Amino acid sequence: MNDVERALLSTISGKLFIAGEWVDATGGATLDVRDPATNEVIAQVADATADDATRALDAAVDAQAEWAATAPRRRSEILRRAWELVQERKHDLALVMTLEMGKPVSESLGEVGYGGEFLRWFSEEAVRISGRYGSTPEGTGQMIVSQCPVGPCFFITPWNFPFAMATRKIAPALAAGCTTVIKPPQLTPLTTMLFVQILEEAGVPKGVVNVVTSSSSSRVSAPIIGDDRLRKLSFTGSTPVGKRLIAQAAENVLRVSMELGGNAPFVVFEDADLDKAVEGALAAKFRNIGQACTAANRIIVHEDIADEFTKRVAERVAAMQIGRGTEDGVQIGPLIDSDAVDKASDLVEDAVAKGATLVHGGKRIDGPGSFFEPTVVSGLSRDAAIMDEEIFGPVFAVITFRTEEEAIEIANDTEYGLVSYVFTEDLARGHRMIERLDTGMMGLNAGVVSNAAAPFGGVKQSGMGREGGLEGIHEYLATKYTLLPTA
């Protein structure tokens with residue numbers, strides 16, 4: 001770690017943020033934050049207790065009424081100011097993100113741009129919350145339908161997109177008039193903490209946003225979710241954890257938003273523009289070093305073009321530069337930790353044992369840090385573990401198909417349904433795929449679909465609720481109906 005990096009990290013408070021104050025955890029415990037490229041400890045942050053979690057919720061509850069009554073224009077202006085400050089601090093945010101998560105700085109800058117758009121989008125939506133007014137069909141009265149904030153919210157965010165996942169939850173909540181408690185990921189808390197400092201500078205009132213970092217998610221989440229003053233839970237992470245949280249939330253009938261696991265199919269038909277398909281596949285697979293719920297997990301390619309498609313991809317993958325994300329030209333940084341490397345290695349070994357061909361890569365990289373070679377395997381069998389498990393690493397796994405029906409069957413053969421990708425030059429076929437793929441989102445001749453103006457979310461065991469778009473703010477609003485009888 002160089003002097004510039006140390007100086008930047010020294011500006012980030014490692015404490016909890018409760019009721020507008022940066023405070024130590026009860027008992028003073030801390031947890032280490034490491035650079036996955038070197039395994040070096042780069043910071044220590046407060047390790048919250050259950051009591052700290054309750055204090056954070058207390059602060060959110062105390063601030064709720066005043067924040068809900070704050071004029072929508074004022075809430076809008078604060079979010080807009082936060083977006084402006086993010087633009088001013090984008091290089092700092094990107095560098096911190098790379099240091100704690102590992103992705104190349106260029107990708108971190110991309111995330112700052114994407115994540116910042118939620119602040120701008122919902123600053124505009126804050127002043128457009130509306131209801132409706134009309135007569136009953138019988139003419140016996142007037143109906144007023146209004147929207148009001150659901151109340152205090154609790155957010156649990158993942159380590160892989162530490163900025164965008166925070167803005168994607170906090171921005172609509174604040175726009176709707178809800179107060180929040182956020183538990184950043186243990187592995188990558190620093191980006192969120194820097195962002196909250198920016199929110200503080202933007203004028204977010206005390207208690208409206210609170211942060212509890214912890215080495216134990218359950219230790220801080222259980223008392224918050226179990227408190228009947230909480231009204232909303234939003235989680236991004238694995239499906240097994242999401243199921244447990246949904247069960248806990250049911251005790252108090254909480255509103256929940258769950259963005260859970262993925263197993264994205266990337267379907268390439270024989271009529272696809274191969275240049276576009278290769279570019280789209282590389283973006284869908286290797287963005288964020290493959291550590292994304294939207295990453296293409298199963299590359300499903302028509303058998304007539306599979307060899308050529310795989311050859312072109314392998315040539316590009318072989319040329320990818322591997323290294324610490326701060327280094328110029330690096331395209332593949334480290335995975336988040338050694339467990340992620342072990343998982344990628346095991347999945348590749350399983351695929352090869354079941355008949356797949358290792359075209360490129362496939363090995364962990366010796367030395368400090370958690371690096372794994374960008375990998376291409378072809379000829380995947382239907383019983384390979386990769387067909388069912390989310391890889392979360394830079395492994396490009398190709399399986400072939402013969403007919404459109406077979407492609408649809410393979411694509412839908414999963415308990416997940418977050419996002420799908422289809423490449424074809426046949427417009428009618430594209431429309432058929434839109435209708436027939438079980439998915440919450442789809443890229444048609446596109447390898448990246450995320451946009452703040454669009455509803456992000458999945459079907460089946462990929463979750464419920466939507467983040468972003470016109471739909472995003474309604475996750476934080478409760479509908480109230482009032483009848484005014486005709487005199």
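Everything that follows concerns the structure shown earlier in this document.
Residues numbered from 1 in each chain as written. Predicted model: local features only at pLDDT ≥ 70, side-chain atom pairs only at ≥ 80, totals over all residues. Heavy atoms only, no water.

Visitor: It is not clear to me how the sheet that holds strand S5 (residues 132–135) should be interpreted in this structure. Could you clarify?
Guide: The 3 strands lie next to each other as S5-S6-S22, forming an open sheet whose pairing is antiparallel. In the strand order of this sheet, the two ends are held by S5 and strand S22 (477–485), each with one partner. In this sheet, neighbouring strand axes are inclined to one another by 20 degrees on average, regardless of whether the strands run parallel or antiparallel. Sheet topology places strand S6 (residues 141–149) next to S22; 9 bridges connect them, and they run antiparallel. Bridging across to S22, methionine 143 finds its partner in leucine 483. (Pairing = 2+ DSSP bridges. Helix = DSSP H or I, 4+ residues; strand = E, 2+ residues; numbered from the N terminus. Axes fitted to C-alpha atoms, helices over the stretch in contact; angles between N-to-C directions.)

Visitor: When you look at the packing of helix H2 (residues 50–69) against helix H8 (residues 217–225) in this model, what are you seeing that I'm missing?
Guide: Geometry of a packed helix pair, given as the angle between the helix axes and the separation of the axes. Where H2 contacts H8, the axes come no closer than 8 Å and their chain directions differ by 45 degrees. Comparing their axes, H8 and H2 come out oblique. The two elements H2 and H8 meet at a crossing, and its hand is right-handed. Residues Ala50, Ala53, Thr54 and Leu57 of H2 touch H8, and the partners they reach there are Arg219, Val220, Pro223 and Ile224. Partitioning the contact of H2 with H8 into residue classes produces 6 nonpolar, 1 polar and 1 charged. (Parallel < 35°, antiparallel > 145°, perpendicular 65-115°, else oblique. Left-handed = near helix turned anticlockwise from the far one by under 90°. Contact = heavy atoms within 4.5 Å. Nonpolar A, V, L, I, M, F, W, Y, C, P; charged D, E, K, R; others polar.)

Visitor: Even after reading the chapter, I still don't get the layout of surface pockets, so can you show me in this structure?
Guide: Reported here for the largest pocket is a volume of approximately 1000 Å³. Counting only elements with at least two residues in the lining of the largest pocket, the list comes to helix H6 (164–176), H8, strand S10 (232–236), helix H9 (239–250) and helix H12 (338–353). With 6 residues, the single largest contributor to the lining of the largest pocket is H9. When grouped by side-chain class, the residues that make up the lining of the largest pocket number 20 nonpolar, 18 polar and 9 charged. Along the wall of the second largest pocket there are 21 residues; nearest its centre are Asn39, Ile336, Asp337, Ser338 and Ser370. The set of elements that each furnish at least two residues to the lining of the second largest pocket consists of strand S3 (30–35) and H12. No other element matches the 4 residues that S3 contributes to the lining of the second largest pocket. Here the residues of the lining of the second largest pocket are counted per class, giving 7 nonpolar, 6 polar and 8 charged. (1 Å grid on protein atoms, 1.4 Å probe; cavity = no way out; pocket = protein on both sides within 12 Å on 5 of 7 lines; lining within 4 Å. Points joined across faces, edges and corners; volume = space filled by probe spheres on them.)

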